[in-house]
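# Structure assessment
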Amino acid sequence: MEGERHVFGKTSKIISLALPKATEKLCELCQRPANLQCTGCRVTFYCDAEHQQADWLGIHQRICPLLVPIRTLTLQRAGQSEIQLKKAELMEICRSVAQSKLSEGKHKEALPAAQFCLCASIDIHGPSTVQLVPVYLLLADANMGMGNLKLVAELLSQAEWAVLKSPECGHEVYHQLHRSLGRLHVATGNLEAAVVNFANDIYYSSEEYGLDSTITCRGYVLMADVFAKQGKTPIARSLYSEVAHTLHCLLNKLINTKVQNVQNPGMWSEPLFGKSQQVEVGETLRTILEFWQNDSRNDSGQIALVAHCLAMLEFLGGDSLKALGFGNMALQACQLIPNHDLVESIQALLQLVQRLQT
Ligand SMILES: [Zn+2]
Ligand SMILES: [Zn+2]
């Protein structure tokens, strides 16, 4: 939960005698003159307690001791390459913290980590390099969630500039950039431009991950959302149903693997879905379900299909209560259609969930 109370680390007034002369200390978060310092590392400064707390919660509690060597070691005492290595390690921690907070919807808390990650990346790779693009997009994502659209537009144009200067950058980068631009255009109501960006997003992500990947599916749903907003309902319907079928096939395969793992408990098995993938697929499916629930056609077949997908997804994620809820929703929708071919497989899933629950 954003704003939750934690132990926030400790600060003291900056002791200026202990610092080299003529170096004005700036706030870690806003770059304004600082008068507090972290008593843990003594190398991080803040303008006020609010910024110290936001930084502590967002990233500083993870990296406080790691900053000491980077900010105090001189080149004589440690090799250039050793410092670079430590910076790269820090950048990676910040990137993963920002990403996991974003996938939990904690946009404000993700900001300090994303901001630190950008500073560290510029430091390591230099300004306007293609390595900065994913970090600009991370920071744009955090700001998008907070509604800072003007800042998002600035960050994305920085990212576009870096991409322009590095035409050799891969499909993944183009896919991410177009997706973020599409989202910005949706937020500012420029739906025509959003469709163009999402079409590009889908092209690059299908080249990189395949047409059936969950990442490409997300792109199709983002585009379908725009068509639905524009009143182009038939295209939206066909895209939503296409994605639901693709995800249904994928989840069925994963369930079969899971059943095999349950039957051979000694076998080592990887988690079937990463956490962020689980969250993304869940969002995609809930968007589609909501569409069909509000659609004038009242298509029970589609509702059954998507609810079945969600039941499988929740089961894979280990939430048996939600799995049973969506499973029963799927079964109810099936009963409105005679001879629906999903009934058996939904019932099998419900039995499996119940069996493993006890
Ligand atoms: Zn500040
Ligand atoms: Zn500290």
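Note that the coordinates shown come from a computational prediction; the quantities given were computed from them, not determined experimentally. Per chain, residue numbering runs from 1 following the sequence as it is written. A letter from A marks each chain and a number from 1 marks each ligand, given out in the order of writing. Restriction of local features to residues with pLDDT of at least 70 applies here, the model being predicted, together with a cutoff of 80 or more for giving and counting side-chain atom pairs; totals for whole chains, interfaces and linings are based on all residues.

## A few points about the nonpolar core
- By our criterion, buried Ala, Val, Leu, Ile, Met, Phe, Trp, Tyr and Cys residues that link up through C-beta atoms within 7 Å make up a nonpolar core. Counting other C-beta atoms within 10 Å of each residue's C-beta, where C-beta atoms are placed from the backbone, gives the exposure class: buried for 20 or more, exposed for 12 or fewer, partly exposed between. Ile 288, Val 306, Ala 307, Cys 309 and Ala 330 are the most contacted members of the largest nonpolar core, which totals 46 residues.
- By the criteria applied, helices consist of DSSP H or I runs no shorter than four residues and strands consist of E runs no shorter than two, each listed in order from the N terminus. Those elements that place two or more of their residues in this core are α7 (191-209), α8 (214-229), α9 (233-263), α10 (275-294), α11 (300-316), α12 (320-334) and α13 (343-357).
- When residues in this core are grouped by element, the largest group, eleven residues, is from α11.
- Filtering out sequence-adjacent residues up to four positions away, Ile 288 remains in contact with Val 221, Tyr 240, Val 243, Ala 244 and Val 306. What counts as a contact is two residues whose backbone-derived C-beta atoms lie within 7 Å of each other.

## Section: the UniProt feature "domain: MYND-type" (unreviewed entry) in the protein chain
- In the numbering used here, UniProt assigns the feature "domain: MYND-type" (unreviewed entry) to residues 27-64.
- The span residues 27-64 shows a helical share of 42% and a strand share of 13%, and its end C-alpha atoms are spaced 15 Å apart. UniProt positions are given in the numbering used here, feature names are shortened, and annotations may be inferred rather than shown by experiment.

## Notes on α10
- An expected span of 1.5 Å times one less than the residue number is assigned to each helix. The end-to-end C-alpha distance of α10, which contains 20 residues, comes to 29 Å, matching closely the 28 Å that a straight helix rising 1.5 Å per residue would cover.
- Among all positions in α10, only Val 281, Thr 284, Leu 285, Ile 288, Leu 289, Phe 291 and Trp 292 are buried. Burial along α10 is one-sided: seen end-on, the buried residues are contained in an arc of 160 degrees. Opposite the packed face of α10, turned more than 90 degrees from it, sit the exposed residues Lys 275, Glu 290 and Asn 294.
- Against the buried residues of α10 lie α8, α9 and α11. Relevant arc is that of directions from the helix axis to the C-beta atoms, nothing else.

## Observations concerning the confidence of the model for the protein chain
- Put simply, the protein chain has an average pLDDT of 88, and 92% of its residues get 70 or more.
- On a range of 0 to 100, pLDDT expresses the predictor's confidence in each residue. Element-level mean pLDDT values for the protein chain span from 76 in strand β1 (residues 11-13) up to 97 in α7.
- Long-range and interchain partners of residues 1-6, a stretch whose pLDDT sits below 50, account for four contacts in this model, where long-range means more than four residues apart.

## Some words on the domain arrangement of the protein chain
- When the domains of the protein chain are assigned, the result is domain 1 (1-74), domain 2 (79-168) and domain 3 (249-263 + 275-358).
- Across the contact, 13 residues belong to domain 1 and 15 residues belong to domain 2.
- Nonpolar residues are Ala, Val, Leu, Ile, Met, Phe, Trp, Tyr, Cys and Pro. Charged residues are Asp, Glu, Lys and Arg, and all others, Gly as well, are polar. Grouping the amino acids of the side of domain 1 that touches domain 2 by side-chain chemistry returns nine nonpolar, one polar and three charged. Bear in mind that the domain bounds are from an automatic or database domain assignment.

## Details of the sheet that holds β1
- Strands qualify as paired when DSSP identifies two bridges or more between them. Overall, antiparallel pairing links the three strands, which are arranged β1-β2-β3 in an open sheet. Only two strands of the sheet have a single partner each, and these edge strands are β1 and β3 (45-46).
- Note that strand β2 (residues 36-38) and β3 share two bridges and pair antiparallel. When the bridges of β3 are listed, Gln 37 appears paired with Phe 45.
- To obtain an axis, a line is fitted to C-alpha atoms, over the contacting stretch when the element is a helix, and the angle between two such axes runs from 0 to 180 degrees between their N-to-C directions. Lying over the sheet, helix α1 (residues 49-72) contacts β1, β2 and β3, oriented at roughly 20 degrees with respect to β2.

## Considering unusual backbone geometry
- Residue Gln 31 is not a glycine yet carries a positive backbone phi of 65 degrees.
- Inspection of the secondary structure assignment puts Gln 31 in the loop between β1 and β2.
- We note that Arg 42 has phi near 60 degrees; this positive angle belongs to a residue other than glycine.
- Mapped onto the elements of the fold, Arg 42 is located in the loop between β2 and β3.

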